[in-house]
Every structure is written in structure tokens, then in C-alpha cells.
Amino acid sequence: MRHRDIVILTGAGISAESGVPTFRSDDGLWLGHRVEEVATPEAFARDPAKVQDFYNQRRRQMAEVQPNAAHRAIADFAARFGGRLTLVTQNVDDLHDRAHAETTPAPGFELIHMHGELLKAECTATDRVLDWTEDLDAYHDSPFSPDGWLRPHIVWFGEFPLHMDRIERALSSCDLFVSIGTSGEVYPAAGFVRRAHMAGARTVELNLEPSLGASLFDACIHGPATEIVPAFLNSLDTNAWPNADSRA
């Protein structure tokens, strides 16, 4: 079967091999902090300096990491794929953006950051967004409103993911759904595989190890993203998926 409408979902696992820390460690902490301290609207209201400093550190780290073979494999595939390809990422880093900047994506390609972008800032009064690479102060004046501050353009816990209407449209029409480097824990992304099944799509998990939702996929391929993502995407032309644990 030649696929013509593909949705790819990526999570922290695809950027881990570039040196970007995954969301939480085994002790439940996120880079040494509890999520409630740095990743909720309440935390920002309570201690904006602490929250801004946390994201300032993460923003600076972007200069130290580069797209890896998995990011580049998706970018290369997007440049040669003749159908519709929607790449939905839960990651707030810019590694997909940089990888695609090295190629020329085909007209049917779309990249969606559903959890925001680390290298952008958002006005608290107007919700307007601008590119941002510098540090943010606790109460950083917004250029859009005298009543607003700039905050990280990040979807925090308790906030609704971005662009869900676009994602839903893509899932409702896709014939292949591929989940790469996700834990299967965070909703609504963890439910995308069910939505793709409802559309009649073939579903594949590419992950270092089985996710919590691995049993929901038609096939699973497990291993380092830098190895299995290029191999899988290169196999799509022949529909001979390498080392797939098929459940179909």
C-alpha cells in the first residue's frame, strides 16, 4: 500500500539522542524541579522569577544541541513525499524546525507544535506571540500591551494544547499514523492512535521501548530513534517495515 496522507507524532524520545532531557526522570522530577513549581499557570503567578529562570536555562541550551539522524530522516522524507504529511510534535525545542530548514519540504508538509515553542514568547494580555531567544525577566514588559508581560510560549499543565482543530482534521483523514519517541502517558496526544484507527489508518509505534499504549498500534518497532526512524521511513516506498512486531 502506498500511503498518501500521513500523520507523524513525535515526543521527547526523538530529541533525547540530541542531548535534550526527557520530560521527567525516574524520581518524578523535571530537571530537578517538581512540575507544579515550573510548569503551571499557578506557578507562574506565584513565583514568576523561578519559572522564567527555568525556561531561560532551557532556552540557552538550544544553542548546544543539534538535530539528529531521526529529525533529519523526517525532513528528508518530507522533501520527497508526494502526499500530505503532517508532523505534530509535543516537543518545545526547535530541532524539527532546524532539520527542515536544511531541506525543501514538499507542498503537502505541515509542522505543528502542539505544546508551544521554547524560542518564542507570549503576551499575557493579548496572547500574541513573537520569536524570542533571550532571557525573560520575572515581569518582562510586553511590546503588545502596557497591561501584559511576556511569558514562555509553552503549554503548561492545566492549559489546552495548541492547534487541536488542525491536528484533528489531519487525524481524521490520514491513512498512516506514526508515533515516535512518546511515552503514551500524556493526553490528548496519547489518544491520537485511537482517532487514527477510527479514520481507518494503519498505526505504527517507533520507540526505544514499548510505550504504555503500545498494544493499541498495528505494529511496533523498538530501538534508538536515530536508527529505527531512518530505516522505517526509507521502507515506506516498498511497504516492507523492518523488524516490525505486527499486531494486525
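See the structure above.
Right, let's walk through the structure included here. What you are looking at is a predicted structure, and each value in this text was computed from that prediction instead of being measured.

### Some thoughts on the pairing of strand E2 (residues 84-89)
Look at any regular strand and the pattern is simple: side chains alternate between the two faces of the sheet.
Right, on to step 1. By the criterion of burial, E2 is predominantly enclosed, with five of the six residues buried.
Right, on to step 2. In this sheet, E2 lies alongside strand E1 (residues 5-10) in parallel orientation, the contact comprising six bridges. Residue pairing in the sheet places Thr10 in a bridge with Thr89 of E2.
Right, on to step 3. In the sheet, E2 pairs with strand E3 (residues 109-113) via five bridges, with the strands oriented parallel. What sits directly across from Leu87, in E3, is Leu111.
Right, on to step 4. For the segment spanning E2, helix H6 (residues 95-101) and E3, crossover handedness is right-handed.

### Re the packing of aromatic side chains
Right, on to step 1. Taken as a whole and judged by the stated rule, the model has six aromatic pairs.
Right, on to step 2. Here Phe177 and Phe217 contribute two aromatic rings whose centre-to-centre distance is 6.3 Å and whose plane-to-plane angle is 15°, an arrangement assigned as stacked. One end of the pair, Phe177, is in strand E8 (residues 176-180); the other, Phe217, is in the loop between strand E9 (202-207) and strand E10 (219-222), with 40 residues separating them in the sequence. Of the two residues examined, Phe177 and Phe217, each falls in the buried class.

What counts, and where the lines are drawn
- Residues numbered from 1 in each chain as written.
- Predicted model: local features only at pLDDT ≥ 70, side-chain atom pairs only at ≥ 80, totals over all residues.
- Heavy atoms only, no water.
- Buried < 20%, exposed > 50% of the residue type's maximum accessible area, 1.4 Å probe, protein only.
- Helix = DSSP H or I, 4+ residues; strand = E, 2+ residues; numbered from the N terminus.
- Pairing = 2+ DSSP bridges.
- Right-handed = clockwise from strand over helix to strand, strands pointing away.
- Phe/Tyr/Trp six-rings, centres within 6.5 Å; stacked < 30°, edge-to-face > 60°.

These figures come from the coordinates and say nothing about function on their own.
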